[in-house]
Amino acid sequence: MRDAVRPVSREEMESQRELAEQIRKRPDRPRTYHIITYGCQMNAHDSETLGGMLESMGMNKSLERDEADLILFNTCCIRDNAERRAMGNIIFTKEIKKKRPELLVGVCGCLAQQEGFAEKLRTRYPHVDFSFGTGEIYLLPQRLLSALEGRREDAFQRGEDSTLYEGLPVLRTSPFFAYLNVMYGCDNFCSYCIVPMVRGRERSRDLREIVKEAEALVKDGVKEIMLLGQNVNSYGTDLGKARFHDLLHALSDTGVKRLRFMTSNPKDLSDELIREMADNPAVCLQLHLPAQSGSDAVLKAMNRRYTRDWYLNRVRALREAIPEIGLTTDLIVAFPGETEEQFLETLSLVHEVRYDSAFTFIYSPRTGTAAAKLEGRIAPEVATDRIQRLIKAQDEITAEVLHSLIGQEALVLAEGTSKRDQKQLTGKTARGTACNFLGSADQIGQIVKVKITGQGSNTLKAIQI
Ligand code: 5AD
Ligand code: SF4
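What you are looking at is a predicted structure, and each value in this text was computed from that prediction instead of being measured.

What counts and how
- Residues numbered from 1 in each chain as written.
- Chains lettered and ligands numbered in written order.
- Predicted model: local features only at pLDDT ≥ 70, side-chain atom pairs only at ≥ 80, totals over all residues.
- Heavy atoms only, no water.
- Helix = DSSP H or I, 4+ residues; strand = E, 2+ residues; numbered from the N terminus.
- Rg over C-alpha atoms; globule rule 2.2 N^0.38 Å.
- Buried < 20%, exposed > 50% of the residue type's maximum accessible area, 1.4 Å probe, protein only.
- Contact = heavy atoms within 4.5 Å.
- Areas by Shrake-Rupley, 256 points an atom, 1.4 Å probe, with all protein chains shown as cover.
- Lys, Arg positive; Asp, Glu negative; His and termini not counted.
- Charge placed at Lys NZ, Arg CZ, Asp CG, Glu CD.
- Near = heavy atom within 4 Å.
- Polar contact = N/O pair within 3.5 Å; in protein donor to acceptor, adjacent residues only side chain to side chain.
- Nonpolar A, V, L, I, M, F, W, Y, C, P; charged D, E, K, R; others polar.
- Pairing = 2+ DSSP bridges.
- Axes fitted to C-alpha atoms, helices over the stretch in contact; angles between N-to-C directions.

*Asks:* Would you explain the overall build of the protein chain in this entry?
*Replies:* Looking only at helices and strands, the protein chain features 15 helices and 18 strands. Its C-alpha atoms give the protein chain a radius of gyration of 23 Å, near enough to 23 Å, the size a compact globule of 465 residues would have. Viewed in the frame of its principal axes, the protein chain has a C-alpha envelope of about 60 × 55 × 45 Å. Looking at the protein chain as a whole, 52% of its 465 residues are labelled buried. Contacts in the protein chain between residues far apart in sequence, at least 24 positions, make up 75% of those at least 6 positions apart. Counting every atom, the protein chain has about 20,900 Å² of accessible surface; 51% of that belongs to carbon and sulfur. Looking at the protein chain, you have 64 positive and 65 negative side-chain charges, and the mean spots of the two groups are 3 Å apart.

The structure is reproduced here in structure tokens:
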């Protein structure tokens, strides 16, 4: 067990609240803000927190980027395309600023957490006003105030990587669905992955804090909570107390109707967790279990620390305990040195597991990771061909899985009306599949019983029963 990371002190949080109050009273403060979010659910949730903090400083959300007084980019750097997209848009704000020099531009998130990035922004992009990393969200008031006061060095300061903070205001995007962080960071060091470098070491939140937050959410009308962590299965190992299955157990006592969680590393998927998932009625029949590859040699080079056999064994155990479970995954093709035979093993894994759906990626080298130094880069046309074959195989399986669900009953949390047809409600089944059915607006936020009658390419059609 490592020394647990101590949460940021109450005094520090209090002093940030005071700075927020100072900003709120300033006549030159921005009145409206617009946050642009890239990347995963962690970032989506961080943006909800950033929104909550900005509102507490007296600002209102602007739906239009070009009208906001403050534009904040919450960036991702998991693959080159995510990074390039963010940088392109950050650079473009220079044009908006030419017309509206009072505009403030901030950059946060995973790119901003990277070593040397804040310095690069400060020196090369004078139109950017402030920056802070993923571990420094609570410092937003300090960075913003520095920007308003023209203290550029302070506005781009870089602090600690592995902080843990509690009690920041959150502006949720949905009244009945909420994200809840259970842990931050990752210690796995998969050889392709930048996350440990930009989200810091693994640190679990105290179980009581998590339960307290969940209780408040339930009281507020939240029906479904998505627990977030880079590797939720190792929750608690740094604290040496409760583990993830204990946490799930404790959370079901809050009365929350639905619990989902991501992401699970297959190497840490314990029998206790599978049992808890099977026994706990609040836990949805869904698991995202990234395999990354079906080849033992590639898994080894990726430093995933499990084999194809181990993975398939976990899938078997899950399906034995929870026959109706919907599995989804992440897969990377064209890892350095991946041969056609090794790729075919990934393809055969997909056929063997029969996932509900899969996120497929072409390997993207990330500076600072072990794999970036590997030889054997795969030619782009080979990588594209592989990903296309993989997507085609998964699309066929998805269609077959959806087809097999027709005729079954399901419970759907009605999230809103369908974009195409206002009379159709849309939501997710416990298995995690999007489902559309005829309903009325007053049912939004309720869990509705339906019978599945048909399928689209990634969705189910149903009628209420
Ligand atoms: N290149 C391609 N895909 C990556 N992922 C993570 N790092 C990389 C990379 N360097 C994928 C993995 C992970 C998902 C979030 O992104 O599949 O599970
Ligand atoms: Fe999420 Fe990783 Fe992208 Fe950060 S780098 S936003 S943790 S996917």
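*Asks:* When you look at the site of ligand 1 in this model, what are you seeing that I'm missing?
*Replies:* Taken together, I78, R79, Y192, Q292, D330, I332, F361, I362, Y363, S364 and R366 make up the full set of residues near ligand 1. Within the backbone of Y192, one N or O atom sits 3.0 Å away from a nitrogen atom of ligand 1. Within the side chain of Q292, a nitrogen or oxygen atom sits 2.6 Å from an oxygen atom of ligand 1. When isolated, ligand 1 has an accessible area of 410 Å², and the protein chains bury 86% of it. Those elements that provide at least two residues to the shell around ligand 1 are strand 12 (326–333) and strand 13 (357–362). Taken together, the residues of the shell around ligand 1 break down into six nonpolar, two polar and three charged.

*Asks:* Teacher, can you tell me more about the sheet that holds strand 4 (residues 104–109) here?
*Replies:* Hydrogen bonding along the main chain pairs the strands of a sheet, whether they run parallel or antiparallel. One open sheet holds the five strands; their spatial order is 2-1-3-4-5, and the pairing between them is parallel. Looking at which strands have only one partner, the edges of the open sheet turn out to be strand 2 (60–61) and strand 5 (130–131). In this sheet, strand 3 (residues 70–75) lies alongside strand 1 (residues 32–37) in parallel orientation, the contact comprising five bridges. Its bridge partner being in strand 3, I36 is matched across the sheet by F73. Sheet strands touched by helix 2 (residues 41–56): strand 1, strand 2, strand 3 and strand 4. Its angle to strand 1, the strand with the most contacts, is close to 170 degrees.

Don't take any of this as a statement about function, it's just geometry.
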